[in-house]
Amino acid sequence: MRKSLIKLLLIPLDLVVGLVILLDEMLRPLYRPLIAWFASLRLVARSEEAIGRLPPYGALVALAIPFAIVEPLKLLGLLFLARGAFTAGIVTTAIGHLAGFLLVERVYHAGRAQLLTIPWFARIMGWIDAIRQAVIGRIKASAAWQRGVALVRAVRERLRGWRLWFPRRRA
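In this convention, every chain numbers its residues from 1, walking through the sequence in written order. In view of the model being predicted, local features appear only for residues whose pLDDT reaches at least 70, and side-chain atom pairs are presented and counted only at 80 or more, with totals across whole chains, interfaces and linings using the full set of residues. Note: side-chain values were computed over all heavy atoms of the structure, leaving out hydrogens and water.

Some details on helix α4 (residues 86-115)
Part 1: Strands are runs of DSSP state E lasting at least 2 residues, helices are runs of H or I lasting at least 4, and numbering of each runs from the N terminus. Any helix carries an expected span of 1.5 Å times its number of residues minus one. For α4, built from 30 residues, the straight-helix expectation of 44 Å at 1.5 Å per residue is missed by more than 12%, its first-to-last C-alpha distance being only 37 Å.
Part 2: In α4, a bend of some 40° at H109 exceeds every other bend along the element. Bend is computed residue by residue as the angle between axes fitted to the seven residues ending at the residue and the seven residues starting at it.

Section: the side chain of K74
Part 1: As for its position among the elements, K74 is in helix α3 (residues 56-82).
Part 2: Think of it in three bands: residues with accessible area under 20% of the maximum for their type are buried, residues over 50% are exposed, and the middle band is partly exposed, with areas taken using a 1.4 Å probe on protein chains only. On the basis of relative accessible area, K74 is assigned to the buried category, the value being 17%.
Part 3: Two N or O atoms form a polar contact when they lie within 3.5 Å of each other; inside protein one atom must be a possible hydrogen donor and the other a possible acceptor, and for residues adjacent in sequence the pair counts only when both atoms belong to side chains. Of note is the side chain of K74, whose polar atom sits 3.1 Å from the side chain of E71.
Part 4: K74 has contacts with T93, G96 and H97, leaving out every residue within four places of it along the chain. Contacts are assigned to residue pairs with any non-hydrogen atoms lying within 4.5 Å of each other.

Description of the packing of helix α2 (residues 42-52) against α4
Part 1: Geometry is summarised by axes, namely lines fitted to C-alpha atoms with helices restricted to the contacting stretch, and by angles between N-to-C directions that run from 0 to 180 degrees. Two elements in contact, α2 and α4, have axes whose closest approach is 8 Å; the angle formed by their N-to-C orientations is 25°. Overall, the two elements α2 and α4 adopt an arrangement that is roughly parallel. Where α2 crosses over α4, the two elements pack in a sense that is right-handed. For the pair α2 and α4, contact is made by E48, I51 and G52 and by R106, V107, A110, G111 and Q114, respectively.
Part 2: Residues belonging to the contact of α2 with α4 are distributed by class as follows: three nonpolar, three polar and two charged. For this classification, under 35 degrees means roughly parallel, over 145 means roughly antiparallel, 65 to 115 means roughly perpendicular, and everything else is oblique. We call a crossing left-handed when the near helix sits turned anticlockwise from the far one by less than a right angle, and right-handed when that turn is clockwise. Each residue receives one of three labels: charged for Asp, Glu, Lys and Arg, nonpolar for Ala, Val, Leu, Ile, Met, Phe, Trp, Tyr, Cys and Pro, and polar for the others, Gly being one of them.

Let's talk about helix α5 (residues 119-141)
Part 1: With 23 residues, α5 should reach 33 Å at 1.5 Å per residue; the first-to-last C-alpha distance of 33 Å fits that figure.
Part 2: Every buried residue of α5 is listed here: F121, V135, I136 and I139.

Here we look at the nonpolar core
Part 1: Core analysis: the largest hydrophobic core is formed by 14 residues, its most contacted members being I51, L60, L63, V107, Y108, L115 and F121.
Part 2: Elements represented by at least two residues in this core include exactly α3 and α4.
Part 3: Sorting elements by how many residues they give to this core places α4 first, with six residues.
Part 4: Setting aside residues no more than four positions away along its own chain, L63 makes contact with V104, V107, Y108, L115 and F121.
Part 5: The criterion is simple. A nonpolar core is a set of buried Ala, Val, Leu, Ile, Met, Phe, Trp, Tyr and Cys residues joined through side-chain atoms within 4.5 Å. Membership of the second largest hydrophobic core comes to five residues, among which are Y31, I35, F38 and L102.

Structural notes on the pattern of salt bridges
Part 1: The term salt bridge refers to a pairing of a side-chain nitrogen on Lys or Arg with a carboxyl oxygen on Asp or Glu at a separation within 4 Å. Here the structure, examined in full by the defined rule, presents two salt bridges.
Part 2: Among the salt bridges present, the one from E48 reaches R106, with a minimum N-O distance of 2.5 Å. Taken together, the residues E48 in helix α2 and R106 in helix α4 connect sequence positions 58 residues apart.
Part 3: With relative accessibility at 22%, the residue R106 sits in the partly exposed group.
Part 4: Put simply, E71 and K74 hold a salt bridge, and the shortest N to O gap is 3.1 Å. Of the two residues, E71 and K74 are both situated in helix α3; the distance of three residues between them amounts to about one turn of the helix.
Part 5: According to the relative accessible area criterion, E71 is partly exposed, its value standing at 26%.

Right under this line is the structure:
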């Protein structure tokens, strides 16, 4: 009885995380070149090197500054959406996520080694990773996920077959 109640309570979490994972997977090909371009900028590379040389709590401050700006921006976008201002909500949320990819992620990766030497930070990151992996595991074990994977494989195979019949012209 208790296990089934826990499974029932985890369904909304699984749905939200599954949607986020799906959106991330769909949008990754779009934002990966942008992240690579941003990381190649000389100012960004120098900033990452400087962050990499900071002491642990200096890296934490370097992470906290963009995080304190980006995360409320995402929440503001959700507030706009909830109040019916769809354009403002979508634009604000998109800017918040873009800033998260470009700033917070870069700072975190640049200072990750130092940050993980802070015991409480490493423990929290371990919990977050364990929760993420558990939810992803439940989602990937679901019948819906398996059907989706099979559908994607079938579409890819079909597209590969079409390439045999309609090869690209070379210039």
